[in-house]
Amino acid sequence: MKKTVSLPLAALAGLTLAVGVAVAAGRPPAAAPQAADEVASATPPAPQAPVPPAPQAPPPSVVTLTPDQMAAAGLVVVAAERRALAVVQTVPGVVQANAYRSALVSTRLPAVVQSRHANLGDVVREGQPLATLFSAEMAEAQSAFVLADREWRRVESLGRDVVAGRRWAEADIGRQTARTRLISFGLSAAQVEALAREGGARSPGLFTLSAPRAGTVTADAFRVGEMVEPGRPLFEVVDTATVWVEARLSVATAAPPPVGAAARVRLGGQEATATLRQVLPTLDEQTRTLGLRFEVDNPRRLLTPGQFVEVEMTGTAAATAVVVPTGALTRDAEGKTSLFVEEAPGRFRAQPVAAGQAQDGLTTVEGVAPGTRVAAAGAFFLQSELARAAGQPR
């Protein structure tokens, strides 16, 4: 049996009219409107702006301690000061003979070399014969002395009561004049006295050059039979028990050490202690360096004039800088250097600085002014307290 749906007349009439209008317009009937929530769900959401992170508080840089805490931590506060640090430099040097312990041997009048008694490299004693020479002037002076000496001995043997005063004085003065002439020609007093004893037994004109001091013969530039002029060095005798080392220092980088300062001289694997004896008074015009002369004890003769060596010396920096104790500097986890400045008693602030040269427990720094009070001891404790306050591992 079919069911029949009954509608009110007015509703049926309205529906029929709507269908008819739609068909007459040539489009299907309009669909029923969707719900508001279905439309909203089909619309894409608008992009949201990123939320900025909350600002983080800067790490703590100030540590405050009580007097008891400072004493327990061993804190020591000092003032930064401006000064010039010592500078250790290694410079080249050359070994030289000690001119104050060496001697040149030469003749004082024209002469001919008759024979030599010492050779290059020989070690001689003071007074040892080195060479024999002949000179006509020496022969004349020797003869005059022998005659004057004989006259004086004759007059002296007669006595002052017999000899007139004028003759006594002439004999005395004549002998002294002849003797002085021989001394001026280079003979020693002992050689003159030997000539007086021997008299005419010695060949006239021959004389011996002797070593004026003990040492090593380092030069003998002559040949037997050669005619030599006055003042020409025939031998050089050097006492090599001590030698000089001359080094050059750039005064633009460091001031010279004081006279008497110690230094180290190195040659290969050997090392010796040197003492600064002289700072040369003039600069080298080409290199603009200052000469320093060191004295080195050389008992084993390991250093020879002419050798090149290295000299390690301690001078003073040419420019001054602010310095603090090296123990006052600390490094954080990022490798940055800082020190702790005392702002008030017991209050310390970490101050970043740039560290420079370190020498003898002091370091130059940039970032603090002279007179600033800094923690010289206990800086590591202060750094640990900052790390603990920041929640970092100490």
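Residues numbered from 1 in each chain as written. Predicted model: local features only at pLDDT ≥ 70, side-chain atom pairs only at ≥ 80, totals over all residues. Heavy atoms only, no water.

**Q** Describe the overall build of the protein chain, with residues and values.
**A** Helix and strand counts for the protein chain come out as seven helices and 25 strands. Each of the 394 residues in the protein chain was classed as buried or not, and the buried ones make up 33%. Long-range pairs, those at least 24 residues apart, make up 72% of the contacts in the protein chain between residues at least 6 apart in sequence. When the accessible surface of the protein chain is split by element, carbon and sulfur atoms take 57% of a total near 23900 Å². (Helix = DSSP H or I, 4+ residues; strand = E, 2+ residues; numbered from the N terminus. Buried < 20%, exposed > 50% of the residue type's maximum accessible area, 1.4 Å probe, protein only. Contact = heavy atoms within 4.5 Å. Areas by Shrake-Rupley, 256 points an atom, 1.4 Å probe, with all protein chains shown as cover.)

**Q** Kindly report on unusual backbone geometry, identifying the contributing residues and their values.
**A** A positive phi angle, close to 55°, is found at arginine 288, a residue other than glycine. Here arginine 288 lies in the loop between strand S16 (270–283) and strand S17 (289–297). Since its relative accessible area comes to 49%, arginine 288 is described here as partly exposed. A positive phi angle, near 55°, is found at arginine 301, a position not held by glycine. Of note, arginine 301 is situated in the loop between S17 and strand S18 (308–317).

**Q** Break down the sheet that holds strand S7 (residues 123–124) for me, citing the residues and quoting the values.
**A** Here four strands make up an open sheet; going across it, the order is S5-S12-S10-S7 and the pairing antiparallel. The open sheet terminates on both sides in strands that have one partner only, identified here as strand S5 (102–106) and S7. By the bridge criterion, five bridges tie S5 to strand S12 (residues 233–238) in an arrangement that is antiparallel. Following the sheet pairing, serine 102 is matched in S12 by valine 238. (Pairing = 2+ DSSP bridges.)

**Q** Tell me what's going on with the pairing of strand S9 (residues 206–210), and back it up with residues and numbers.
**A** Of the two faces of S9, only one is covered, namely that formed by Phe207 and Leu209; the face formed by Leu206, Thr208 and Ser210 stays uncovered. As paired strands, strand S8 (residues 129–134) and S9 are joined by five bridges and run antiparallel to one another. Pairing of proline 129 across the sheet is with serine 210, part of S9.

**Q** Which residues make up the layout of surface pockets, and what values go with them?
**A** Estimated volume of the second largest pocket: approximately 290 Å³. As for the second largest pocket, its lining consists of 16 residues, of which Val105, Ser106, Gly186, Leu209 and Ser210 are closest to the centre. Among the elements of the structure, S5 and S9 are those that each provide at least two residues to the lining of the second largest pocket. Residue contributions to the lining of the second largest pocket peak at four residues, all from S9. When its residues are assigned to classes, the lining of the second largest pocket shows eight nonpolar, seven polar and one charged. (1 Å grid on protein atoms, 1.4 Å probe; cavity = no way out; pocket = protein on both sides within 12 Å on 5 of 7 lines; lining within 4 Å. Points joined across faces, edges and corners; volume = space filled by probe spheres on them. Nonpolar A, V, L, I, M, F, W, Y, C, P; charged D, E, K, R; others polar.)

**Q** Outline the pattern of salt bridges, supporting the account with residue identities and numerical values.
**A** Here the structure, examined in full by the defined rule, presents 20 salt bridges. Across the pair glutamate 170 and arginine 166 runs a salt bridge whose closest N-O atoms are separated by 3.2 Å. Pair noted here: glutamate 170 and arginine 166 are both in helix H5 (residues 165–184), with a separation of four residues, about one helical turn. With relative accessibility at 48%, the residue glutamate 170 sits in the partly exposed group. (Salt bridge = Lys/Arg side-chain N within 4 Å of Asp/Glu carboxyl O.)

**Q** Hey, could you go over the packing of H5 against helix H6 (residues 189–198) for me, with residue numbers and the actual values?
**A** Between H5 and H6, the shortest axis-to-axis distance is 10 Å and the interhelical angle comes to 130°. In terms of orientation, H5 and H6 fall into the oblique class. Crossing handedness for the pair H5 and H6: right-handed. Contact residues: Arg175, Arg179, Leu182 and Ile183 in H5; Ala189, Val192, Glu193 and Leu195 in H6. Split by residue class, the contact of H5 with H6 holds five nonpolar, no polar and three charged. (Axes fitted to C-alpha atoms, helices over the stretch in contact; angles between N-to-C directions. Parallel < 35°, antiparallel > 145°, perpendicular 65-115°, else oblique. Left-handed = near helix turned anticlockwise from the far one by under 90°.)

**Q** Outline the environment of valine 322, supporting the account with residue identities and numerical values.
**A** Of note, valine 322 is situated in strand S19 (residues 321–325). Look past the residues within four positions of valine 322 in its chain and what remains in contact with it is Ala80, Glu81, Arg82, Thr363, Thr364, Val365, Val368 and Pro370.

**Q** Now, about the environment of alanine 375: what can you tell me, with residues and values included?
**A** With respect to the helices and strands, alanine 375 occurs in strand S25 (residues 373–377). The class for alanine 375 is buried, based on a relative accessible area of 0%. Residues contacting alanine 375, with those up to four places away along its chain left out, are Leu75, Val76, Val77, Ala328, Phe340, Phe348 and Leu382.

**Q** Can you break down the sheet that holds strand S6 (residues 111–116) residue by residue, with the values?
**A** Strand order in the open sheet made by the four strands is S9-S8-S6-S11, with antiparallel pairing throughout. Looking at which strands have only one partner, the edges of the open sheet turn out to be S9 and strand S11 (227–228). Taken together, the four bridges between S6 and S8 define a ladder with antiparallel strand orientation. Counted as the bridge partner of valine 112 is phenylalanine 134 from S8.

**Q** So, H6: which residues are in play, and what are the values?
**A** Buried within H6 are the following residues: Gln191, Val192, Ala194, Leu195 and Ala196. Elements that come into contact with the buried residues of H6 comprise helix H4 (136–158), H5 and S9. Directly after H6, the chain includes glycine 199, whose backbone phi takes a positive value near 65°.

**Q** Lay out the nonpolar core in plain terms, naming residues and giving numbers.
**A** With 30 residues, the main nonpolar core has Leu130, Leu133, Leu182, Phe207 and Phe235 as its most contacted residues. Of all the elements in the fold, those that place two or more residues in this core are S6, S8, H4, H5, H6, S9 and S12. Looking at this core element by element, the count peaks at five residues for H4. Among residues more than four places away in sequence, those in contact with leucine 130 are Val105, Arg116, His117, Ala118, Val124, Leu209, Ser210, Ala211, Phe235 and Val237. Counting residues in hydrophobic clusters, the runner-up holds 17 residues, among them Val245, Ala263, Leu292 and Val309. (Core = buried A, V, L, I, M, F, W, Y, C linked by side-chain atoms within 4.5 Å.)

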